[in-house]
Amino acid sequence: MSRITLSRYLIEQTRSQETPADLRFLIEVVARACKAISHAVSKGALGGVLGNAGSDNVQGEAQKKLDVISNDILLEANEWGGHLAAMASEEMEKAYQIPGEFPKGKYLLLFDPLDGSSNIDVNVSVGTIFSVLRCPEGIDAPCEKAFLQPGVEQVAAGYAIYGPQTMLMLTLGHGVKGFTLDREVGSFVMTHDDIRVPEQTKEFAINASNQRHWEAPVKRYVDEMLAGETGPLGKNYNMRWIASMVADVHRILTRGGIFMYPRDAREPEKPGKLRLMYEANPMSFIIEQAGGAATNGLERIMDLQPTSLHERVAVFLGSKEEVERATRYHREQQ
Ligand code: AHG
Ligand code: MN
Ligand code: MN
Ligand code: MN
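Basis of the calculations
- Residues numbered from 1 in each chain as written.
- Chains lettered and ligands numbered in written order.
- Predicted model: local features only at pLDDT ≥ 70, side-chain atom pairs only at ≥ 80, totals over all residues.
- Helix = DSSP H or I, 4+ residues; strand = E, 2+ residues; numbered from the N terminus.
- Rg over C-alpha atoms; globule rule 2.2 N^0.38 Å.
- Buried ≥ 20, exposed ≤ 12 C-beta atoms within 10 Å, placed from the backbone.
- Contact = placed C-beta atoms within 7 Å.
- UniProt positions renumbered as here; feature names shortened; annotations may be inferred.
- Arc of directions from axis to C-beta.
- Domains from an automatic or database assignment.
- Nonpolar A, V, L, I, M, F, W, Y, C, P; charged D, E, K, R; others polar.
- Pairing = 2+ DSSP bridges.
- Axes fitted to C-alpha atoms, helices over the stretch in contact; angles between N-to-C directions.

Peer 1: Explanation requested: the overall build of the protein chain in the structure shown.
Peer 2: Regarding its fold elements, the protein chain presents eight helices and 17 strands. Scaling as 2.2 N^0.38, a compact globule of 334 residues should have a C-alpha radius of gyration of about 20 Å, and the protein chain matches this with 19 Å. By its C-alpha atoms, the protein chain is 65 × 50 × 45 Å across when sized along the principal axes. For the protein chain, the residues scored as buried account for 46% of the 334 residues in total. Pairs at least 24 residues apart make up 64% of the contacts formed inside the protein chain by residues separated by at least 6 positions.

Shown next, in the form of structure tokens:
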């Protein structure tokens, strides 16, 4: 059987699902940028790409060299093609306007250029997460407001994972497809058709070092999982925490599980650590398209109306039954 490359898949989508040609081009360009990031990541110490850049981003995090390199790769790849109205990134305080010499298009691209950057220096999987929105009509220089659309408005989302293999997982709203990078020919080849997240699981992912800060519903849920077979859930659970959301979500897409980054009592005005626009919304779109669920504990993440570009949110996503349970425990506390 002939191999289905990402390009072929996108062209066939244009025919059958009426994916617009400029959206197809956008995804191709993002995929090309991810290949360049994968290459940079793989050089490691030999390429001088490890370590801190010496700057902080708007989130107050110390930027790694690869955070900055990946951000620049995505900006340079996407600014000239005429498919975008503007871009926004975890690593940039304000929306990035398309330079005047280039034509503008109708889409907005948002990204977490390098997710899991605390793992770069220890050679553990990292990734890139992206989300695509339509630019509201009649806006010439889209500022923050144009981006503040709920996740249900996304027209595409995906992530690249730079692990033992480089993979690109993509949704255009018709299920989730997985592509593996064939490094010899330089193209993404479909290896995972119609990915489904199992509805039940015996595996959870949470940074347990924050336990003392968790709210009561999270404590209850984790305690019940830890109680094992003789506890109220009647199952022995396993736990995994990679500290790269991309890698944790990839495992959950592949074999099920629940991922949790709850709000905690440390900074009550900051709900959770993860970013709604660059992490939670695209990952929720992918997980829902694969049959899973994603909430902030109370509401579906993709229904939330964002109020600022770098807004943070609590995240519970993965296998449907477990996400529903975690959400029910939160609602019962209301
Ligand atoms: P980023 O590297 O893009 O800033 O994101 C890191 C995030 C996410 O990938 C991961 O799930 C989480 O931070 C890990 O947080 P802890 O270090 O608190 O476990
Ligand atoms: Mn970061
Ligand atoms: Mn991230
Ligand atoms: Mn990041």
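Having seen the structure, we can now continue with the description.
Peer 1: Could you clarify how one ought to interpret the UniProt feature "binding site: substrate" (unreviewed entry) in the protein chain in this entry?
Peer 2: When the UniProt feature table is mapped onto this chain, "binding site: substrate" (unreviewed entry) is found at Asp115, Gly116, Ser117, Ser118, Asn207 and Lys273. Relative to the helices and strands, aspartate 115 resides in strand S5 (residues 107-115). The contacts of aspartate 115, once residues within four sequence positions are left out, are Val126, Gly127, Thr128, Ile129, Ser244, Met245, Val246 and Glu279. With respect to the helices and strands, the residue glycine 116 is situated in the loop between S5 and strand S6 (126-134). For glycine 116, a count of 21 C-beta atoms within 10 Å gives the class buried. With residues up to four places along the chain from it excluded, the contact list for glycine 116 reads Ser125, Val126, Gly127, Ala243, Ser244, Met245, Val246 and Ala247.

Peer 1: I would appreciate a short explanation of the environment of methionine 87 in the present structure.
Peer 2: Mapped onto the elements of the fold, methionine 87 is located in strand S3 (residues 84-89). Assessed through the 23 C-beta atoms surrounding it within 10 Å, methionine 87 is described here as buried. Remark: the alpha-carbon pair of methionine 87 and glycine 158, spanning 71 residues in sequence, is separated by 16 Å. Among all residues touching methionine 87, those that are not within four sequence positions of it are Leu75, Asn78, Tyr96 and Leu109.

Peer 1: In this structure, what is going on with helix H5 (residues 216-226)? I would like to understand it.
Peer 2: In an α-helix there are 3.6 residues to a turn, and that puts residues three or four apart on one side. Listed in full, the buried residues belonging to H5 are Pro217, Val218, Tyr221, Val222 and Met225. Buried positions in H5, seen along its axis, are confined to an arc of 125° and lie on one side of it. Across from the buried face of H5, at angles greater than 90 degrees, the exposed residues are Ala216 and Asp223. As for H5, its buried residues are in contact with strand S11 (203-205), strand S13 (258-261) and helix H8 (320-332). Taken from the residues just after H5, glycine 228 is the one with a positive phi, measuring 70°.

Peer 1: Before we go on, may I ask you to explain the UniProt feature "domain: Fructose-1-6-bisphosphatase class I N-terminal" (unreviewed entry) in the protein chain in this structure?
Peer 2: According to UniProt, the positions carrying the feature "domain: Fructose-1-6-bisphosphatase class I N-terminal" (unreviewed entry) are residues 4-192. Taken end to end, residues 4-192 has its terminal C-alpha atoms 11 Å apart, with 28% of it in helix and 32% in strand.

Peer 1: Looking at this model, I keep getting lost on the domain arrangement of the protein chain. Mind explaining?
Peer 2: Quite often, the size of an interface is put as the accessible area lost when its parts meet. Here the protein chain is described as being made up of domain 1 (6-192) and domain 2 (203-332). Between the C-alpha centres of domain 1 and domain 2 there is a distance of 24 Å. Residue-level contacts link 35 residues of domain 1 with 30 residues of domain 2. Going through the elements one at a time, S5, S6, helix H4 (144-147), strand S7 (156-162) and strand S8 (166-171) are the ones with two or more residues in the side of domain 1 that touches domain 2. In terms of residues, the side of domain 1 that touches domain 2 owes the most to one element, S6, which gives five residues. The residue makeup of the side of domain 1 that touches domain 2, split by class, is 17 nonpolar, 14 polar and four charged.

Peer 1: Even after reading the chapter, I still don't get the environment of serine 42, so can you show me in this structure?
Peer 2: By the element assignment, serine 42 lies in helix H2 (residues 21-43). Spatially, the C-alpha atom of serine 42 lies 18 Å from that of alanine 53, the residues being 11 residues apart in sequence.

Peer 1: What's the story with the sheet that holds strand S12 (residues 238-239) in this structure? I'm lost.
Peer 2: Strand order in the open sheet formed by five strands is S12-S11-S13-S17-S15, and the pairing between neighbours is mixed. The outermost strands of the open sheet, each flanked by one partner alone, are S12 and strand S15 (293-295). Where S13 meets strand S17 (residues 315-318), four bridges bridge the pair, whose relative direction is antiparallel. Residue tyrosine 261 lies in a different strand from S17, and its bridge partner there is valine 315. Those strands touched by helix H7 (residues 276-289) are S15 and S17, and its axis lies near 25° from that of S17.

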